[in-house]
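Examination of the molecular architecture
Spelled out from the first residue to the last, the chains are:
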Amino acid sequence: MILSKFSKAKNKITLNSRFAIFLLVLFVFLSVKAQKYDHYSVEDGLPGNMVYRVTQDKKGFVWAITDKGIARFNGNTFKIFNTKNGLPTNDIWDIQITNDHKLWYFSKSASLGYIENNEVFDFPAENPDEQLFPAIIFKIDNDIYFGYNNLSYYLHDGQWKLLDEATASDDDEKLARYLRYKNKMGDFVAANKQRYQRGLLRVLDSLGIIIGEKSYAVLNLNSNDLFEYNFPEAIKAKDPGLFRVHAVNGELQFTGPEFVANMDNDYQLVNLSFFSEDLKAHFAMRDKLGNLWMASLNQGLYKLPAVNRKNKYWLEGKRVRQLEDTPLGIIASVQDYGFYLYNASYDSFDLLNKSEGFVYGTAYIDQLSAAFLLTSKGIVKVNANGILQSFSPMARKICYHEGYLYGNVSSGLNQIDPIQMQVTRHIKGVGIKDIISYNNMLIVGTSNGLKQLKNDSLLPIQINGQVFSRPIMNLGKLPSGILLITTDGFGAYRTDLEEITQIEKTEYLSANSQVVQDNNLWLSTSQGVLQYDLDQTKITLKNTIGTEYGVPSVNTHTILAQGDALWIGTDNGLVKLPSDLQKQDQYLGIYVEKGSYAGKEINKVDKVDYQKSGTLSYVIGTIDFSQKKESSPYEYRLYPFETKWITTTSNIINFSNLPPNDYTLQLRKGQNSSTHKFSISPLWWQKPISKVVFVSLGSLLLLLLLLQIRRYEINKKLSKLEIQNKLTEFELYALRSQMNPHFVFNSLAAIQYCINNGDIRSAESYLVKFSRLVRQFFELSKQKEVTVSKEVELLKNYLDIEKLRFNEKLEYSIKIGDSVEVSKVNIPTMLLQPVVENAINHGIFNKESKGRVDIRFQQNGDNSLEVEIEDNGVGFVNTKKTDSGKRTSSHVLEDRLLFLNKSGKWDISLSHREAYPEKEDKGNITTFKITAIA
């Protein structure tokens, strides 16, 4: 038995009740007319203007289904899903969001499915020829069932299968619960045919909901509790065939044409909200921030911001230049349209006077009990009875001072008789913006500063000995009697004409008007309305009122504080704000809209292969339904690549040269945060095993290289030792050649010959030279280098001995160039003497005539010495050569030069040429070029 908590409403309605309902409907009608809606259509990115449903997911995205696809809205842009993304059809007419965040779509098609993480998952019917028609939808936890014509379908193994209720197993708990819910709803409808015969049926988790012609019922399918209610009077006139129950943000909402309501714990309709019938909206949703979203079948999607629901709006799209509070009511001066008077009875602004010229504003003069409408065509006077009179004098601003009206025109200031409304005096002046009667003075604000009317002249006013020359927009008074000045681009000031102070936070602002109420000062500026706390000594900024409070434009022109409301005129109409101003944060979250690595999308994968020049790029999105559209800052870091948070306003962030690793992109803004994880996989040569192999191979190659270097060093040392040994061997050979037995025997024989002939003096001289030469041979054999002077001394001794041996048949000369520093320049030891000896023994020895040897030393550069040894012997061609099987002194010399050059200390070249090629005894010239390597 079904238990009922429903009690029938009384059918009898009294006349007073009907009248009260009429007044309620009228009030609702007038209220919704004055609300300001945001409109979205195909021009704004919506796929189609025929919108069936609108809902919100747990993240905060708003979803709209249309005849052209599904749209996801983040407050700024629409992301479209259609057949291109995998939908079976663009004409989707219902959606459900399950607890696992999947958005299921329904339509008459061959397949149905859901959207998850921006990807469409579509599942066909088990029978390929079958057309699915989800007329009744059951959402039970994370599962979806639907049926039509007593047929039921469920998703199994990626296909929509027809459920055979007769053979369905009780072991399948989910199917058993679905069948139990379905049968209970069937029994309830059958038992209440009269009320719900044509009603709309929907099952949301454990609740069965059915809507009839005059009432609706909610049946708890677990406890069997029934809640049944008649429709409220305010919606009874609506078409119940368009009523829908909607599960969104953890609550149930009841909606239909021009209204939406919440269901309380007893499923009664509460928080009933209406919207304008001009929207032609049939479905609405209240989001988690309190904004209302309305779906229209031909005009797209509408949003009524939560803050706007408390506000009233008029004259949308019109530029409201000024507001003036008069006994007749508030008069709004509207550019290009004229003057409108507020009708409090109907909460509307009615045209008071149409102006064909430029509208300057309105001024109410208490002393004359009249309002003056100021235009470029003249002045219209409105008396206390509402009678309008037009006069020809023109004025942009007027004020009353000492019995006259004063009004500014382009050429100066007019004094006007307030009775006759005729100009009685004209004071010349340029750039007059405003005038005010202040402390028995007529103060004039101009484009070049503050002035005072004195004796038909406008004289600059000095404050603290200086002229205030800022371009003035408006003049006013603070409660303390202080003069308030607003400027064009230089902020606002207060002054008693002795001291002047700029009001804080107004630097470089253009303040168009001001109003004072109690301890509050409001300034209308090009960046919204600034609200200040007034103090005797200080004015402190309290708040900035802009679009986040529902103001239609930040470019505000005029303000009016009246009772508990603040009226603001803007470029885009007029708004009335409640006194308890409340700013609601419309930001819901931050997320990764799109990611790519080396041009490859990474939203659907968590691993990508490393690319050498791969750039990681993210497009960041925010869910923000605020009126302000400028970018706001957020923080991010890519961990572990970055440890510090980076602040930016750009929605695109890039990272380059990322090594293989596991990364987490962290985002945060306010109290909301988001992460996106992915990995860059190393290539084969970047993997640990490859690195081990590479390190091992590198170590082996390094070891081989070190061994090779070691071998090279050893060979180099051995080679050096070999060179040294060879040089020593050659030096010993040179010594032996110099001390050969023939030379010694011949030298002693020559000395003996002198003794036998009684030439004791000559014998003694030659013996001294011989002994000295022998001593030099042995001393020089111990040295590697010898100076030129020592080498010359050795050569002289040697040649003197040879000259004695040849019995004066030999002559010689040694010439040294002037640039040769004989005591400083070194040459290798025992280098020249063997060549001289060779010239004597092989060249001159075989010559019949007298022989000669010339030795010349010449400096060639700092470290280079050239030595020439010339003889007039028989020459190489005529020398008799015998092959004794032994190496000649020439061969030894060449080998010695080779090793000297290898030693790295010397660069020595040797050359031979004939001295007298035209003669029979051709002689020889041997040239040494000896360079010491530094």
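Counting of residues starts from 1 at the beginning of each chain's written sequence and follows it residue by residue. For a predicted model such as this one, the threshold for reporting local features is a pLDDT of at least 70, and the threshold for listing and counting side-chain atom pairs is 80 or more; totals across whole chains, interfaces and linings nevertheless cover every residue. Hydrogens and water molecules were not included; the side-chain quantities draw on all heavy atoms of the structure.

1. A short note on the overall build of the protein
Looking only at helices and strands, the protein has 11 helices and 71 strands in total. With 934 residues in all, the protein has 48% of them scored as buried. With the model as given, the accessible surface of the protein reaches about 47700 Å², and the carbon-plus-sulfur share is 49%. In this description a helix means any DSSP run of H or I spanning at least four residues, a strand means any run of E spanning at least two, and both kinds are numbered starting from the N terminus. Three exposure classes are used, based on accessible area relative to the maximum for each residue type with a 1.4 Å probe and protein chains only: buried under 20%, partly exposed in between, and exposed over 50%. Only the protein chains shown count as cover for residues, with accessible areas throughout obtained via the Shrake-Rupley method and a probe of 1.4 Å.

2. Observations concerning the sheet that holds strand β8 (residues 103-106)
Pairing between strands is defined by DSSP: at least two bridges between the two strands are required. Pairing is antiparallel across the open sheet formed by four strands, whose spatial order is β7-β8-β9-β10. Two strands close off the open sheet at either side, each with one partner strand: β7 (94-97) and β10 (119-124). For this sheet, the mean inter-axis angle between neighbouring strands, taken without regard to orientation, is 25°. As paired strands, strand β9 (residues 111-116) and β10 are joined by six bridges and run antiparallel to one another. When the sheet's bridge partners are listed, G113 is paired in β10 with D122. Only the stretch in contact is used when a helix axis is fitted, and all axes are lines through C-alpha atoms; the angle between N-to-C directions ranges over 0 to 180 degrees.

3. Quick notes on the confidence of the model for the protein
Fine structural detail should not be taken from predicted coordinates in areas where pLDDT scores are low. Per-residue confidence from the predictor is reported as pLDDT, which spans 0 to 100. Summary statistics for the protein give a mean pLDDT of 85 and a share of 90% for residues scoring 70 or more. Averaged pLDDT values over the elements of the protein bottom out at 32 in strand β1 (residues 3-4) and peak at 97 in strand β5 (residues 69-73). Residue contacts follow a heavy-atom distance rule, with two residues in contact if any of their heavy atoms lie within 4.5 Å. Counted against residues more than four places away or in other chains, residues 1-30, with its pLDDT under 50, gives 21 contacts. Every residue in residues 735-739 scores below 50 in pLDDT, and together they form 14 contacts with partners more than four places removed in sequence or on other chains.

4. As for the environment of V444
With respect to the secondary-structure elements, V444 resides in strand β40 (residues 441-446). The spacing of V444 and P460 is 16 residues in sequence and 9.4 Å in space, taken between C-alpha atoms. Residue contacts for V444: discarding those within four places in its chain leaves L413, I432, D434, I435, G449, L450, K451, L458 and L475.

5. Regarding helix α9 (residues 833-844)
Along its 12 residues, α9 runs 15 Å from first to last C-alpha, staying within 8% of the 16 Å computed at 1.5 Å per residue. Where burial is concerned, most of α9 is hidden: 10 out of the 12 residues are buried. Here the expected length of a helix is defined as 1.5 Å per residue gap, with one fewer gap than residues.

6. Some thoughts on the packing of helix α8 (residues 788-805) against α9
Packed helix pairs are characterised by how far apart their axes lie and by the angle those axes make with each other. Across the interface, α8 lies against α9 with an axial gap of 10 Å and an inter-helix angle of 20°. The angle between the axes of α8 and α9 places the two elements in the roughly parallel class. Crossing of α8 over α9 shows right-handed handedness. Taken together, the residues of α9 that come into contact with α8 (itself represented by E791, L795, Y798, L799, E802 and R805) are Q833, V836, E837, I840 and N841. For this scheme, ten residues count as nonpolar: Ala, Val, Leu, Ile, Met, Phe, Trp, Tyr, Cys and Pro. Four count as charged, namely Asp, Glu, Lys and Arg, and the remainder, Gly too, count as polar. Residue composition of the contact of α8 with α9, by class: five nonpolar, two polar and four charged. Any angle that is under 35 degrees is reported as roughly parallel, and any over 145 degrees as roughly antiparallel; angles of 65 to 115 degrees are reported as roughly perpendicular and all others as oblique. Rotating anticlockwise by less than a right angle from the far helix to the near helix defines a left-handed crossing, while the corresponding clockwise rotation defines a right-handed one.

7. A word on the packing of aromatic side chains
Ring pairs shown here join Phe, Tyr and Trp side chains whose ring centres sit within 6.5 Å, with only the six-membered ring taken for Trp; geometry is labelled stacked below 30 degrees between planes, edge-to-face above 60, and tilted in between. Using the criterion set out here, one finds 42 aromatic pairs in the structure. With a centroid separation of 5.0 Å and an interplanar angle of 70°, the aromatic rings of F227 and Y267 are classed as edge-to-face. Note that F227 is positioned in strand β18 (residues 225-230) and Y267 in the loop between β21 (259-263) and β22 (269-274), a separation of 40 residues in sequence. Across this residue pair, the class does not change: F227 and Y267 are buried. Aromatic ring contacts, followed pair by pair, group W93, W104, Y114, F121, F123, F133, F146, Y148, Y153 and W160 into a single cluster. Its guanidinium or amino end placed over the ring of F61, R72 lies 4.1 Å from that ring's centre, counting from NZ or CZ. Lysine and arginine charges are scored as sitting over a ring when NZ or CZ, respectively, is within 6 Å of the ring centre and within 35 degrees of the ring normal.

8. Re the nonpolar core
Core analysis: the biggest nonpolar cluster contains 43 residues, and L832, I855, F857, V867, I869 and F928 have the highest contact counts within it. Per-element accounting of this core gives the leading share, eight residues, to α8. Once you skip the residues sitting within four places of it in the chain, F857 turns out to touch V788, V792, L795, I814, K815, I816, G817, V820, L832, L865, E866 and V867. Put simply, a nonpolar core is a bunch of buried Ala, Val, Leu, Ile, Met, Phe, Trp, Tyr and Cys residues held in one set by side-chain atoms that sit within 4.5 Å of each other.

9. Here we look at the pairing of β5
Burial runs high along β5: five of the five residues are buried. Side chains G69, A71 and F73 of β5 all project onto a buried face; the interleaved residues I70 and R72 project onto the opposite face, where all are buried too. Pairing analysis gives five bridges linking strand β4 (residues 62-66) to β5, with the strands arranged antiparallel. Looking at the pairing, A64 lines up with A71 of β5. Where β4 hands over to β5, the hairpin turn is made up of two residues, counted between the paired strands. Examined bridge by bridge, β5 and strand β6 (residues 78-81) share four bridges and lie antiparallel to one another. The residue of β6 that forms the bridge with R72 is K79. Between β5 and β6, which follow one another and run antiparallel, lie four residues, and G75 among them has a positive phi close to 100°.

10. Some remarks on a nonpolar patch on the surface
What goes into a patch is any residue over 30% in relative accessible area without a salt bridge, connected to like charges within 9 Å or, for nonpolar side chains (Val, Leu, Ile, Met, Phe, Trp, Tyr), within 5 Å. Salt bridges are identified by distance alone: a Lys or Arg side-chain nitrogen within 4 Å of an Asp or Glu carboxyl oxygen. On the surface, a cluster of nonpolar side chains totalling about 450 Å² of accessible area is made up of I689, V692, V693, F694 and L697. Locating I689 in the fold gives a position in helix α5 (residues 688-738).

11. Points about the sheet that holds strand β2 (residues 38-40)
Sheet strands associate in pairs through backbone hydrogen bonding, adopting either a parallel or an antiparallel arrangement. Taken together, four strands build an open sheet; the order of strands is β2-β25-β24-β23 and the sheet is antiparallel. Edge positions in the sheet fall to β2 and β23 (281-286), since each has one partner strand and no second. Direction aside, neighbouring strands of the sheet carry axes that sit 20° apart on average. Direction of pairing for strand β24 (residues 292-296) relative to strand β25 (residues 300-304): antiparallel, over a ladder of five bridges. Each residue of the ladder has a partner; that of L292, found in β25, is L304.

12. Observations regarding α8
Quick reminder: α-helices carry 3.6 residues per turn. Residues three or four places apart thus point the same way. In this model, α8 (18 residues) spans 25 Å end to end at C-alpha, consistent with the 26 Å of a helix rising 1.5 Å per residue. Most of α8 sits inside the fold, with 13 of its 18 residues counted as buried. Directly after α8, the chain includes N807, whose backbone phi takes a positive value near 55°.

13. Topic: unusual backbone geometry
Of the consecutive residues Y639 and P640, the connecting peptide bond is found in the cis state with omega at 5°. Mapping P640 onto the fold places it in the loop between β60 (634-639) and β61 (646-648). Notably, L497 is not glycine yet its phi reads approximately 70°, a positive angle. Among the secondary structure elements, L497 is positioned in the loop between β47 (492-495) and β48 (500-502). The class of L497 is buried, set by a relative accessible area of 15%. Phi at D518 is positive, roughly 55°, even though this residue is not glycine. Relative to the helices and strands, D518 is located in the loop between β49 (511-517) and β50 (520-525). Looking at D518, the relative accessible area reads 63%, which means it is exposed.

14. Looking at the side chain of D434
Inspection of the secondary structure assignment puts D434 in strand β39 (residues 432-438). Residue classification places D434 among the buried positions, given a relative accessible area of 6%. In this structure D434 touches K397, I443, V444, G445, M473, N474 and L475, once residues within four positions along its chain are discounted.

15. Comments concerning the environment of D143
Note on placement: D143 falls in strand β12 (residues 143-148). Sequence-distant contacts of D143, defined by excluding residues within four places in its chain, comprise F138 and K174. A polar atom in the side chain of D143 sits 3.3 Å from the side chain of K174. What qualifies as a polar contact is a pair of N or O atoms within 3.5 Å, subject to a donor-acceptor requirement within protein and to the restriction that residues adjacent in sequence count only when both atoms come from side chains.

16. Topic: the environment of E324
Tracing the backbone through its elements, the reader meets E324 in strand β27 (residues 320-326). Residue classification places E324 among the buried positions, given a relative accessible area of 19%. It is 8.9 Å that separates the C-alpha atoms of E324 and A371, two residues lying 47 residues apart in sequence. When sequence neighbours within four positions are dropped, the list of residues in contact with E324 reads G329, I330, I331, T362, A363 and Y364.

17. Describing the side chain of T664
Here T664 is to be found in strand β63 (residues 661-669). Residue T664 is classed as buried on the basis of its relative accessible area of 17%. The contact partners of T664, leaving out residues within four places of it in the chain, are R637, L638, Y639, T675, H676 and K677.

18. Quick notes on the pairing of strand β45 (residues 472-477)
Relative to strand β46 (residues 483-487), β45 runs antiparallel, the two being bridged by five bridges. Residue pairing in the sheet places K477 in a bridge with L483 of β46. Where β45 folds back on β46, the antiparallel hairpin that results is connected by five residues, among which G481 adopts a positive phi of roughly 85°.

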